[in-house]
Amino acid sequence: MLERYKTVRREGQKEIVIRKSRFIGHIRPVETEEEANAFIDEIKKKHRDATHNCSAYLLGERDEIQKQSDDGEPSGTAGKPILEVLKNRELKNVAVVVTRYFGGIMLGAGGLIRAYADGAVAAIEGGDEIARVLHTQIFVTIDYTWHGKIENELRNREVRTGETQFTDKVTLLCLPLYSEAERFMAWITDLTQGQAEVTKGEPVYYIEGE
C-alpha cells in the first residue's frame with residue numbers, strides 16, 4: 001500500500017467558458033473501473049444534449065489502469081490532455097468528465113487541448129484536492145492508573161487517536177504513521193514498563209492535516 005497519495009475529497013464540478021464554449025469539469029473519487037464507468041455514464045446522461053462528454057480515469061497504486069475518451073473530438077485533443085493533467089498532478093483513483101457545449105467558435109487542435117486540460121483542472125478544484133496518508137491501528141489496553149499519563153504523552157507526540165473504550169480496563173486506539181508503527185509499539189511497551197497490552201490492527205488512510 002502507498003504510504004501517501006493524492007486524490008480528491010469528494011465529487012465536484014466547476015464550469016469555465018472559453019471563446020463562448022462552456023466546459024464543465026466533473027470529478028469523482030473512484031476505486032474500480034466499474035465505478036469510473038458508472039460515473040462517466042451518469043454525466044453523459046445528465047448532459048446528453050452536450051456537444052461532447054470527454055473523459056479519463058486513473059486507477060491503481062502505480063496508475064496501472066489508465067483510460068481516456070475523446071467522445072467525438074479530434075483524436076488526442078480531449079481525453080489525453082485530461083489524463084495528462086491527472087498524471088501531472090499525481091492524482092490517483094479519480095475519474096473526470098469534461099462536458100463541452102459548443103459556442104460557435106472553432107478552437108483548433110491546440111486550443112482544444114488547452115481547453116480540456118483547463119476543464120480537468122477546474123474539475124479538480126471542484127473536488128478539493130487532498131492527500132491521504134497511511135496509518136496503522138494500534139490498540140493499547142492498560143489499567144486506569146496509566147490512562148492520564150499515556151494520553152498526555154500521545155498529545156505531546158501529536159499521535160492521531162481514535163475512540164477510547166472503557167471497560168474493566170482502558171483501550172486506546174492509537175493511529176501512528178504506517179512507517180512508524182513498530183517503533184510506536186516498542187515505545188508504548190517501554191513507557192508502560194511492559195504493562196500495556198499492545199495489538200496491531202489494520203492499516204487505514206486519513207486525510208493529511210485533519
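About the thresholds
- Residues numbered from 1 in each chain as written.
- Predicted model: local features only at pLDDT ≥ 70, side-chain atom pairs only at ≥ 80, totals over all residues.
- Heavy atoms only, no water.
- Helix = DSSP H or I, 4+ residues; strand = E, 2+ residues; numbered from the N terminus.
- Rg over C-alpha atoms; globule rule 2.2 N^0.38 Å.
- Buried < 20%, exposed > 50% of the residue type's maximum accessible area, 1.4 Å probe, protein only.
- Phe/Tyr/Trp six-rings, centres within 6.5 Å; stacked < 30°, edge-to-face > 60°.
- Lys NZ or Arg CZ within 6 Å of the ring centre and 35° of its normal.
- Pairing = 2+ DSSP bridges.
- Axes fitted to C-alpha atoms, helices over the stretch in contact; angles between N-to-C directions.
- Contact = heavy atoms within 4.5 Å.
- Salt bridge = Lys/Arg side-chain N within 4 Å of Asp/Glu carboxyl O.
- Arc of directions from axis to C-beta.

**Student:** Can you walk me through the overall build of the chain in this structure?
**Tutor:** Along the chain, the regular secondary structure elements total 5 helices and 10 strands. In terms of overall dimensions, the chain is more spread out than a globule: its C-alpha atoms have a radius of gyration of 23 Å, far above the 17 Å expected for 210 residues. Its C-alpha atoms put the chain at 75 × 30 × 25 Å along the principal axes. Across the 210 residues that make up the chain, the buried fraction comes to 44%.

**Student:** Hey, could you run me through the packing of aromatic side chains in this one?
**Tutor:** For any pair of aromatic rings, the description rests on two quantities: the centre-to-centre distance and the angle between the ring planes. Enumeration according to the criterion identifies 4 aromatic pairs in this entry. Directly above the aromatic system of Y101 lies the positively charged group of R22, at a separation of 4.8 Å from the ring centroid. Positioned above the aromatic ring of W187, the side-chain terminus of R157 is 3.9 Å from the ring centre.

**Student:** Would you mind going over unusual backbone geometry with me for this structure?
**Tutor:** Within the chain, E90 stands out as a residue other than glycine whose phi angle is a positive 60°. With relative accessibility at 54%, the residue E90 sits in the exposed group.

**Student:** Sorry if this is basic, but what is going on with the sheet that holds strand β5 (residues 65–69) here?
**Tutor:** Either a parallel or an antiparallel arrangement is found when strands of a sheet pair, and the pairing is made through backbone hydrogen bonds. Strands sit in the order β2-β3-β6-β4-β5 across an open sheet of 5 strands; the sheet is antiparallel. Every interior strand has two partners, whereas the edge strands, β2 (12–18) and β5, have only one. For this sheet, the mean angle separating the axes of adjacent strands, direction not counted, is 15°. Bridge count between strand β4 (residues 52–59) and β5: 5 bridges; the pairing is antiparallel. Bridging from a neighbouring strand, A56 pairs with Q68 of β5. Sheet strands touched by helix α2 (residues 79–88): β4, β5 and β6 (94–101). Its angle to β4, the strand with the most contacts, is close to 35°. Those strands touched by helix α3 (residues 108–127) are β2, β3 (21–29), β4 and β6, and its axis lies near 145° from that of β2.

**Student:** Looking at this structure, I do not really get the pattern of salt bridges. What am I missing?
**Tutor:** If charged atoms from side chains of opposite charge come close, those side chains can pair. By the definition in use, this model includes 18 salt bridges. Between K87 and E84 there is a salt bridge, and its shortest N-O distance comes to 3.6 Å. One end of the pair, K87, and the other, E84, are both in helix α2, 3 residues apart, so they sit about a helical turn from each other. The exposure class of K87 is partly exposed, given its relative accessible area of 33%. Given the relative accessible area of 29%, E84 is considered partly exposed. Through salt bridges that share partners, R9, R10, D128 and E210 make up one connected network.

**Student:** Just checking my understanding: could you explain helix α5 (residues 181–191) for this structure?
**Tutor:** All of the buried residues in α5 are A181, F184, M185, W187, I188 and L191. An end-on view of α5 places all buried positions within 160° of arc, on one side of the element. Exposed residues pointing more than 90 degrees away from the buried face of α5 are listed as E182, R183 and D190. Residues of α5 that are buried make contact with β7 (129–142), α4 (144–157), β9 (170–175) and β10 (197–207).

**Student:** Looking at this structure, how should I read the pairing of β9?
**Tutor:** Walk down a regular strand and you will see the side chains alternate between the two sheet faces. Taking burial as the measure, the 6 residues of β9 include 6 buried ones, the bulk of the element. Both faces of β9 are covered, namely the face carrying V170, L172 and C174 and the face carrying T171, L173 and L175. Sheet topology note: the β7/β9 ladder contains 5 bridges and is antiparallel. Pairing of V140 across the sheet is with L172, part of β9. Looking at chain direction, strand β8 (residues 160–166) and β9 are connected through 5 bridges and run antiparallel. By the bridge assignment for β9, T164 is matched with L172. Hairpin connection, β8 to β9: the antiparallel pair is bridged by 3 residues.

None of the figures reported here should be taken as evidence of function without further support.
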